[in-house]
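Here is what each chain is made of, one letter per residue.
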Amino acid sequence: MSGRMSQVPCFTWSQVCARRLERHALSTPSTTARPADIVAAMAGTHAQVLSAAELAIGLRMSGATRVDVRTALWSEQSLVKTFGQRGTVHLFPTRDLPLWVAALSAVPEPKFSHPAHIRLSEEQTAEVVAAVGDALKDAELTIDELSEEVIHRTGPWAGDLVIPGFQGLWPRWRQALHLAGMRGTLCFGPNRGRKVTYTNPARWLPDLAPADPQDALRHVLTSYLHAYGPATPQQFAHWLNAPVRWAADLFASLADALQPVEVEGSPAWVAAGDTAMPDTPPRGLHLLPYFDGYAYRVGNQPPQLLYPGDARERVLRGNFQVLIVDGVVGGLWHQRRSGRKLAVTVESLVQLSAAQRSEIEHRVARIGEILEATPQLTFGPVTVGGHA
């Protein structure tokens, strides 16, 4: 036992928290990184709410604002907004898109997500994905315009109104929308007024082709472990929405790229040679926007450790904007914008010192800079529910 312990690095959860904050450029925002570098360090940035993604990236960059993120997306095109892990909207570095497309395409699809009378066959799915890419190769289309083009290229069956939507029924082909993004034939374009548009990422990467699947999976796994490790195959599977057995097999097939460690006596893995840990415990307060705090949890840390005390009942069950206190969830917060005014309410679930309250004031001021708004801070209960 002593020989094994001398060979396998052993870490505490406190060290893991400190490493996470450091790797995500939260403990010390980067003075040199560009938005694409920050997104790469996060192994993708959740962007279902784009303003939350802008804030998440801005918090990790010294002096940046939402304008820097928008420039990276729509002018420089160094970032791409598309469907990523768990079929949800993410930002990725455009340079890494071939790797993400190949890796996400290699993840087994969940079986029977729709009833039999709604489901697309494998052949129909492939036909829709190809039709989406063809329709978007020289265009930026709204969802209604894209729907017309897909139905025209495939057949009336694609237009059957069978999928329950927010305000009625959606056409059958829509169940493959996220797959088109994950397979590299679709990404988001700039909004047309208030309407979302889609385009083909090959317009920005003319030579776009999926990378070698094994190289791509190695990239995604090591990127995940850099951002969220140490972690287990089960935690990686949860983050990627993949079968646990498949994730375990992937870890085994890439054993040369991984290194076993222990966290509080439990086995986990990091990328080979990546065993550095901060010398000091996690300190400081951070206000993470929607989905950023969710990714912080889904990444790896067991909920019972990340949500101590009252946070487990108050915050864990919803998608809230979270207050991180010394590496773990210590409260929640909400923002309401009206013009250039930003009303921010912070509800702490732990006793805050005068110095900590002052630190939150500085954090809120920084949020105002990033979102180009004038913030007003209130300490008190958050009365709205979590984001859907």
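(A) Structural context of the sheet that holds strand β4 (residues 89-93). An order of β2-β4-β3 is seen for the three strands of this open sheet, with the pairing classed as antiparallel. Where the open sheet ends on each side, the last strands, each with one partner, are β2 (45-46) and β3 (79-83). With five bridges connecting them, β3 and β4 associate as antiparallel partners. In the strand pairing of β4, Leu79 is matched with Pro93.

(B) Expanded view of the side chain of Glu347. Along the chain, Glu347 falls in strand β14 (residues 341-348). For Glu347, the side chain forms a polar contact with the side chain of Arg314, separated by 2.9 Å. At 2.7 Å, the side chain of Glu347 and the backbone nitrogen of Val382 are in polar contact. Residues in contact with Glu347, not counting those within four places in the same chain, are Arg314, Gly331, Leu332, Gly380, Pro381 and Val382.

(C) Broad picture of the pattern of salt bridges. If you walk through the whole model with that rule in mind, you get 16 salt bridges. Salt-bridge contacts for Arg70 lead to Glu54; the nearest nitrogen and oxygen are separated by 2.8 Å. With Arg70 in helix α5 (residues 66-75) and Glu54 in helix α4 (residues 50-58), the pair connects residues that are 16 residues apart, well separated along the chain. On the basis of relative accessibility, which here comes to 35%, the residue Arg70 falls in the partly exposed class. The structure contains a network of salt bridges with shared partners spanning Asp134, Lys137, Glu149 and Arg153.

(D) Spatial organisation of the environment of Ala276. For Ala276, the location among the structural elements is in the loop between β10 (266-271) and β11 (285-288). Put simply, Ala276 and Ala176 are 100 residues apart on the chain and 41 Å apart in space, counted from C-alpha to C-alpha. Not counting residues up to four positions away in its chain, the partners in contact with Ala276 are Arg19 and Arg23.

(E) Molecular detail of the pairing of β11. Burial along β11 is two-sided: Leu285 and Leu287 and His286 and Leu288, pointing in opposite directions, are all buried. Where β11 and strand β12 (residues 321-325) come together, four bridges link them in antiparallel fashion. Each bridged residue has a counterpart across the sheet, and for Leu287 the counterpart in β12 is Leu323.

(F) Structural detail: the confidence of the model for the protein. In the predicted model, the protein carries a mean pLDDT of 93, and 96% of its residues have values of at least 70. Long-range and interchain partners of residues 1-5, a stretch whose pLDDT sits below 50, account for three contacts in this model, where long-range means more than four residues apart.

(G) Inspection of the packing of helix α10 (residues 213-228) against helix α11 (residues 233-240) at higher detail. Direction vectors running N to C along α10 and α11 enclose 105 degrees, while the axes themselves pass 11 Å from each other. Here α10 is positioned roughly perpendicular relative to α11, judged by the angle of their axes. Between α10 and α11, the residues in contact are Val220, Leu221, Tyr224 and Tyr228 and Gln235, Phe236 and Trp239, respectively. Taken together, the residues of the contact of α10 with α11 break down into six nonpolar, one polar and no charged.

(H) Main features of unusual backbone geometry. Of note, the bond from Gly229 into Pro230 is cis; its omega dihedral lies within 30 degrees of zero at 0 degrees. Relative to the elements of secondary structure, Pro230 occurs in the loop between α10 and α11. With phi around 55 degrees, Gln77 is a residue other than glycine that occupies positive phi space. Among the structural elements, Gln77 can be located in the loop between α5 and β3. The class of Gln77 is partly exposed, set by a relative accessible area of 27%. For Glu372, which is not a glycine, the phi torsion comes out positive at approximately 55 degrees. Glu372 gets classed as partly exposed once you look at its relative accessible area, which sits at 26%.

Cut-offs used in this document
- Residues numbered from 1 in each chain as written.
- Predicted model: local features only at pLDDT ≥ 70, side-chain atom pairs only at ≥ 80, totals over all residues.
- Heavy atoms only, no water.
- Pairing = 2+ DSSP bridges.
- Helix = DSSP H or I, 4+ residues; strand = E, 2+ residues; numbered from the N terminus.
- Polar contact = N/O pair within 3.5 Å; in protein donor to acceptor, adjacent residues only side chain to side chain.
- Contact = heavy atoms within 4.5 Å.
- Salt bridge = Lys/Arg side-chain N within 4 Å of Asp/Glu carboxyl O.
- Buried < 20%, exposed > 50% of the residue type's maximum accessible area, 1.4 Å probe, protein only.
- pLDDT = per-residue confidence, 0-100.
- Axes fitted to C-alpha atoms, helices over the stretch in contact; angles between N-to-C directions.
- Parallel < 35°, antiparallel > 145°, perpendicular 65-115°, else oblique.
- Nonpolar A, V, L, I, M, F, W, Y, C, P; charged D, E, K, R; others polar.

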